Amino acid sequence: MTELDSLWEAIQNSFRQYTGKVTFDNFIAPAKPISLSQTRLEIELPTPMHRDFWNKNLTEKLKEYVQREVGRSVEPIYVLAGENQSPTPTVSATPAANIPLNPYYNFETFVVGDGNKIAHAAALNAAERPGYMNPLFIYGGVGLGKTHLMEAIGNYMLKINKNARVKYVTSEEFTNDFINSIQKRTTEQFREEYRNLDLLLIDDIQFLADKEGTQIEFFNTFNTLYDQQKQIVMTSDRMPREIPELQDRLVSRFMWGMPVEITPPDLETRIAILRSKVEEDHIDIGNDTLNYIAGQIDTNVRELEGALTKVQAYADLSNEIITPHLASRALKDFRHSTKRQITVADIQKQVASFYNITQADIIGKKRVKQIVMPRQIAMYLTRELTDFSLPKIGKEFGGKDHTTVLHAIDKIEASLKDDAKLRQEIHKLKDQLND
Ligand SMILES: Nc1ncnc2c1ncn2[C@@H]1O[C@H](COP(=O)(O)OP(=O)(O)OP(=O)(O)O)[C@@H](O)[C@H]1O
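On a predicted model such as this, the values are computed, not experimentally measured, just so you know.

## Topic: unusual backbone geometry
A cis amide bond links Asn134 to the next residue, Pro135, at an omega of -5 degrees. Within the secondary structure, Pro135 sits in the loop between helix 4 (117–128) and strand 4 (136–140). Notably, Asn319 is not glycine yet its phi reads approximately 55 degrees, a positive angle. Summarising the element assignment, Asn319 is placed in the loop between helix 12 (301–318) and helix 13 (324–337).

## Comments concerning the UniProt feature "binding site: ATP" (unreviewed entry) in the protein chain
Those places that UniProt annotates as "binding site: ATP" (unreviewed entry) correspond, in this numbering, to Gly143, Gly145, Lys146 and Thr147. The topology assignment puts Gly143 in the loop between strand 4 and helix 5 (146–160). Judged by relative accessible area, which is 11%, Gly143 ranks as buried. Sequence-distant contacts of Gly143, defined by excluding residues within four places in its chain, comprise Asn300, Val301 and Arg302. Locating Lys146 in the fold gives a position in helix 5. The contact partners of Lys146, leaving out residues within four places of it in the chain, are Ile138, Tyr139, Gly140, Gly141, Thr235, Ser236 and Ile262. A distance of 3.1 Å separates the side chain of Lys146 from the backbone oxygen of Gly140, its partner in a polar contact.

## Examining the site of the ligand
Close to the ligand lie 18 residues; Val111, Gly143, Lys146, Thr147 and His148 are nearest. Val111 is positioned with one of its backbone polar atoms (N or O) 2.8 Å from a nitrogen atom of the ligand. Interatomic distance of 2.7 Å between a side-chain N/O atom of His148 and an oxygen atom of the ligand. When isolated, the ligand has an accessible area of 630 Å², and the protein chains bury 91% of it. Its residues assigned to classes, the shell around the ligand shows eight nonpolar, seven polar and three charged.

## Quick notes on the pattern of salt bridges
Close approach of charged atoms lets side chains of opposite charge pair. One pass over the full model with this rule turns up 17 salt bridges. Between Lys32 and Glu44 there is a salt bridge, with the nearest N and O atoms lying 3.5 Å from each other. With Lys32 in strand 1 (residues 32–36) and Glu44 in strand 2 (residues 40–45), the pair connects residues that are twelve residues apart, well separated along the chain. In this structure, Glu396 engages Arg238 in a salt bridge whose closest nitrogen and oxygen atoms are separated by 3.3 Å. Remark: Arg238 occurs in the loop between strand 7 (231–236) and helix 9 (248–254) and Glu396 occurs in helix 17 (residues 390–396); sequence separation between them is 158 residues.

## Digging into the confidence of the model for the protein chain
Confidence in the prediction of the protein chain, expressed as mean pLDDT, is 87, and 93% of residues score 70 or more. Here the predicted complex carries an ipTM of 0.98, next to a pTM of 0.66.

## Observations concerning the packing of helix 16 (residues 369–385) against helix 19 (residues 420–434)
Running from N to C, helix 16 and helix 19 cross one another at 55 degrees; their axes reach a closest spacing of 11 Å. Overall, the two elements helix 16 and helix 19 adopt an arrangement that is oblique. Where helix 16 crosses over helix 19, the two elements pack in a sense that is right-handed. Where helix 16 approaches helix 19, its residues Met373, Ile377, Tyr380, Leu381, Glu384 and Leu385 are matched on the opposing element by Leu422, Ile426, Leu429, Lys430 and Leu433.

## Observations concerning the pairing of strand 3 (residues 75–80)
For strand 3, a buried count of five out of six residues is recorded, marking the element as mostly surrounded by other parts of the structure. Summarising the sheet, strand 2 and strand 3 pair through six bridges and their orientation is parallel. The residue of strand 3 that forms the bridge with Leu41 is Pro76. Read from strand 2 through helix 3 (residues 48–70) to strand 3, the crossover connection turns out right-handed.

## Things to note about the sheet that holds strand 1
The strands making up a sheet associate through backbone hydrogen bonding, with each pair oriented either parallel or antiparallel. Strand order in this open sheet of three strands is 1-2-3, and the pairing throughout is mixed. The open sheet has two edge strands, strand 1 and strand 3, and neither has a second partner. Across the sheet, the axes of successive neighbouring strands diverge by a mean angle of 25 degrees, strand direction being ignored. Sheet contacts for helix 1 (residues 3–18): strand 1 and strand 2; angle to strand 1, the most-contacted strand, approximately 135 degrees.

## Things to note about the environment of Gln341
Mapped onto the secondary structure, Gln341 falls in the loop between helix 13 and helix 14 (344–354). Between the C-alpha atoms of Gln341 and Val142, which are 199 residues apart in sequence, the distance is 8.9 Å.

## Thoughts on the pairing of strand 7
Burial analysis of strand 7 places six of its six residues in the buried class, the great majority of the element. Neither face of strand 7 is exposed, since Gln231, Val233 and Thr235 on one face and Ile232, Met234 and Ser236 on the opposite face are all buried. As defined by bridge partners, strand 4 adjoins strand 7 across four bridges and the pair is classed as parallel. Looking at strand 7, one finds that Phe137 is bridged to Met234. As paired elements, strand 6 (residues 199–203) and strand 7 share four bridges and run parallel to each other. Bridge pairing links Leu201 to Val233 in strand 7. Considered for its hand, the β-α-β crossover made up of strand 6, helix 8 (residues 212–227) and strand 7 is right-handed.

## Remarks on the packing of aromatic side chains
Across all of its chains, the model carries 21 aromatic pairs by this definition. For the pair Trp54 and Tyr78, a centre-to-centre distance of 5.9 Å together with 55 degrees between the ring planes defines the contact as tilted. With a gap of 24 residues between them, Trp54 in helix 3 and Tyr78 in strand 3 connect regions that are remote in the sequence. Judged by relative accessible area, Trp54 falls into the buried class, the value being 0%. Look at Phe218 and Phe254: their rings are 6.1 Å apart centre to centre, the planes differ by 70 degrees, and that puts the pair in the edge-to-face class. You can see Phe218 sitting in helix 8 and its partner Phe254 sitting in helix 9, a full 36 residues away along the chain. By the burial criterion, Phe218 is buried, and Phe254 matches it. Aromatic rings pair up to connect Phe137, Tyr139, Phe174, Phe178, Phe190, Tyr194, Phe218, Phe222, Tyr226, Phe254 and Trp256 into one cluster. Directly above the ring of Tyr132 sits Arg129, whose terminal nitrogen or CZ lies 3.8 Å from the centroid. The ring of Phe219 has Arg249 sitting right over it, with the charged end atom 3.8 Å from the ring centre.

Each value, and the rule that gives it
Residues numbered from 1 in each chain as written. Predicted model: local features only at pLDDT ≥ 70, side-chain atom pairs only at ≥ 80, totals over all residues. Heavy atoms only, no water. Helix = DSSP H or I, 4+ residues; strand = E, 2+ residues; numbered from the N terminus. UniProt positions renumbered as here; feature names shortened; annotations may be inferred. Buried < 20%, exposed > 50% of the residue type's maximum accessible area, 1.4 Å probe, protein only. Contact = heavy atoms within 4.5 Å. Polar contact = N/O pair within 3.5 Å; in protein donor to acceptor, adjacent residues only side chain to side chain. Near = heavy atom within 4 Å. Areas by Shrake-Rupley, 256 points an atom, 1.4 Å probe, with all protein chains shown as cover. Nonpolar A, V, L, I, M, F, W, Y, C, P; charged D, E, K, R; others polar. Salt bridge = Lys/Arg side-chain N within 4 Å of Asp/Glu carboxyl O. pLDDT = per-residue confidence, 0-100. Axes fitted to C-alpha atoms, helices over the stretch in contact; angles between N-to-C directions. Parallel < 35°, antiparallel > 145°, perpendicular 65-115°, else oblique. Left-handed = near helix turned anticlockwise from the far one by under 90°. Pairing = 2+ DSSP bridges. Right-handed = clockwise from strand over helix to strand, strands pointing away. Phe/Tyr/Trp six-rings, centres within 6.5 Å; stacked < 30°, edge-to-face > 60°. Lys NZ or Arg CZ within 6 Å of the ring centre and 35° of its normal.

Here you go:
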């Protein structure tokens, strides 16, 4: 039995216990494992609906099971039956580079609307004229299409030239690759691999935040590629200067090109995204139902797609026709269970705008009263609304010590007892964040 076979058997056993029989028989049993690399597990699914269902409902558990079985974090890639024969373009010759791009993440499947049109235009420009606007830095909230656009650039480039050296990694994978190369004394190979690319795509660059050694290595990689006019694309959940503990020279380099923001889609764009999905997957759902779903989920495209899948699965399992009424039943629990997780960046931004200061002020070191109080409120809310430890909160607030965080929380808690205005403000902030 290969490593992949035994891993798959263990995963299936775990899912058997986790899900009901109907879900297992309909969604899990038909899945087939294709390959396992250091960072990705490729799985073949029979229909787009299965892919959606896995994407939205099973991915987190799957990652958890894989981590438990093989002791490392692996990203699942879902391919449809028949697609895996003409795989996703793989890139440079060295093994660690063989991380496939998701073939679905291309410009054709990306719906352009008000919140993403500048990012889309910039991405298309980077694909058509690599190196011209360098680097491209795409930032914005969770599930808004940053990875989709970034990989679309890679897929576009590989379509024009299948020999293009394209590499996609998350900043965590970059860090791991770098650490492994130090351990195995293969830094030369690591450098050769990363510095001889036509396109480097780095996802979630904010996770370089406190990794000093990796930042130095990335700085050198960046410079080499930049000097050769090779395109670099990064995504992040926030602007470069708002990433705590990112060296100034990196912040300034990340600003050289054009940082572009993606904001949540408006109603029309959400409807268009749903329409394009159902057309692609040949699903029969009326516009009234799509309008209803788009009206319910308004901040995150991943959740929007998840809602659509949930409605389809609900109709399938109950053997009913899809109507707005059925959608409302199917989404009843879903709205609560998938409520967007609040991030530290959300809290910092919300508090900053509430008190008319900037997010940089919140994570900075200025000790003026107008800033200190909001900073303490933001720390307090982070403790309340996330499960971050005190040291982790400190890190997210510009590398402060955990005792500073504790002091801030104590201070706000004490003030709340007899300051009605503060109580009201915090109540309002919580409402806005939970909205
Ligand atoms: N404008 C769009 N048109 C079509 N699909 C979209 C659009 N925006 C997002 N999506 C889809 O939404 C899902 C989430 O997108 P993606 O993973 O790119 O988000 P992200 O911003 O990188 O999120 P995260 O911050 O969690 O990494 C994907 O399935 C993607 O295809």
